[in-house]
Structures are given as structure tokens and as C-alpha cells.
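Overview (structure and organization)
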Amino acid sequence: MNPLRKQRVYALIAILVGSLLATWLIISALSQNMNLFYSPSEIKSQNIDFNSLIRAGGMVKEGTIKKDTETLKVSFVVTDYQNDLVINYEGILPDLFDENAGVVVRGNLNIDGTFNAIEVLAKHDENYMPPEVANLVNKEK
């Protein structure tokens, strides 16, 4: 084989291997940072790792908001009208957070089935409902 042709083949192989490696690194990084949305029913039915950071959402169940008067700790229940999920959060809640309001929380699941939230996002208008919850409500009607 001609030395020039051999050099071109090696360069082509190096570019191909580099491209495959870069593609694999990008895909693996994106899959680790994926933040999926789960309803309380999906959380109970799926085997979710306790260390993984996930998003959960639904409607705040009426009469379940418990605020600690001396700290910023809050406990409430999120429901999708089939299953409930107890959320524990420490921090300032959004202004639009209220009972019977749609919320999405980000955090991780505890072994006892409760959810430790590090972020709470509330609805942005009076008609907001997470899509999964809206689908479940429409099925029940």
C-alpha cells in the first residue's frame, strides 16, 4: 500500500473513532441529566432509584398542607386522583402554591415512600394542570 494512502486511511479511522467517542459521550451525559416527570401512580408502580433526581407532579390535595411555624419546613400531599404522594420541602414556596393547584416538584424519593423536594414549581395560571394529571382527570369524566 502506498504510504500516502496508508496515512489517509489512518486519518479516516482516527476521525471515525473520534466521532463515535464524542457521540457516545454526549448521549451518556444527556441521559444522566434527564429529568423525567412522574405522577404519583407512576412513582408507586415503577421501580425508581432512591438516589436519582426526578420530577413529580400533580394537584395539591385539599387540607394536606402542613407548615412548621418556626422553620420553612412544609409537608403536603400531591395527588393524581388515583394515588397520593407525601412531599417534604424546606424553603420558600411560590406565590401561586395553594390547595387544589397544580405543582411540579423536583427531588428524590425516600425509602419510606415520601418525597424530599428541593424545588417546588406552582401553576402559572388558573387553568394549569400537569399533562399526565389532565389525562387522568379526562379519563375519569
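Everything below is about the structure shown above.
Nothing here was measured: the structure is a model prediction, and the numbers come from that model. (Residues numbered from 1 in each chain as written. Predicted model: local features only at pLDDT ≥ 70, side-chain atom pairs only at ≥ 80, totals over all residues. Heavy atoms only, no water.)

Quick look at the overall build of the protein chain now. Looking only at helices and strands, the protein chain features three helices and seven strands. For the protein chain, the sequential pattern of α-helices and β-strands runs α-β-α-β-β-β-β-β-β-α. Each of the 141 residues in the protein chain was classed as buried or not, and the buried ones make up 29%. Partitioning the intrachain contacts of the protein chain with sequence separation of at least 6 by distance along the chain shows that 52% fall at a separation of at least 24. (Helix = DSSP H or I, 4+ residues; strand = E, 2+ residues; numbered from the N terminus. Buried < 20%, exposed > 50% of the residue type's maximum accessible area, 1.4 Å probe, protein only. Contact = heavy atoms within 4.5 Å.)

It is worth spelling out unusual backbone geometry at this point. A positive phi angle, close to 70 degrees, is found at Tyr81, a residue other than glycine. Mapped onto the fold, Tyr81 is located in the loop between β4 (73–79) and β5 (84–90). A relative accessible area of 41% places Tyr81 in the partly exposed class. Even without being a glycine, Asn100 presents a positive backbone phi close to 60 degrees. Following the sequence through the fold, Asn100 ends up in the loop between β5 and β6 (102–109). Residue class for Asn100 comes out partly exposed when judged on its relative accessible area of 44%.

The next point concerns the pattern of salt bridges. Following the criterion strictly, the structure yields two salt bridges and no others. One salt bridge connects Lys61 with Asp84, and the closest N-O pair in it is separated by 2.6 Å. Taken together, the residues Lys61 in the loop between β2 (54–60) and β3 (66–67) and Asp84 in strand β5 connect sequence positions 23 residues apart. According to the relative accessible area criterion, Lys61 is partly exposed, its value standing at 33%. The closest approach of N and O atoms between Arg106 and Glu119, which form a salt bridge, is 2.9 Å. Here Glu119 lies in strand β7 (residues 115–122) and Arg106 lies in strand β6, a separation of 13 residues in the sequence. Here Glu119 falls in the partly exposed class, since its relative accessible area comes to 29%. (Salt bridge = Lys/Arg side-chain N within 4 Å of Asp/Glu carboxyl O.)

Soluble globular proteins tend to bury their nonpolar side chains together. Counting 20 residues, the largest nonpolar core has Ile43, Phe76, Ile87, Val105, Phe115 and Val120 as its most contacted members. Those elements that place two or more of their residues in this core are β2, β4, β5, β6 and β7. Discounting chain neighbours no more than four positions away, the residues touching Val120 are Phe76, Tyr89, Leu93, Pro94, Phe97, Val104 and Val105. (Core = buried A, V, L, I, M, F, W, Y, C linked by side-chain atoms within 4.5 Å.)

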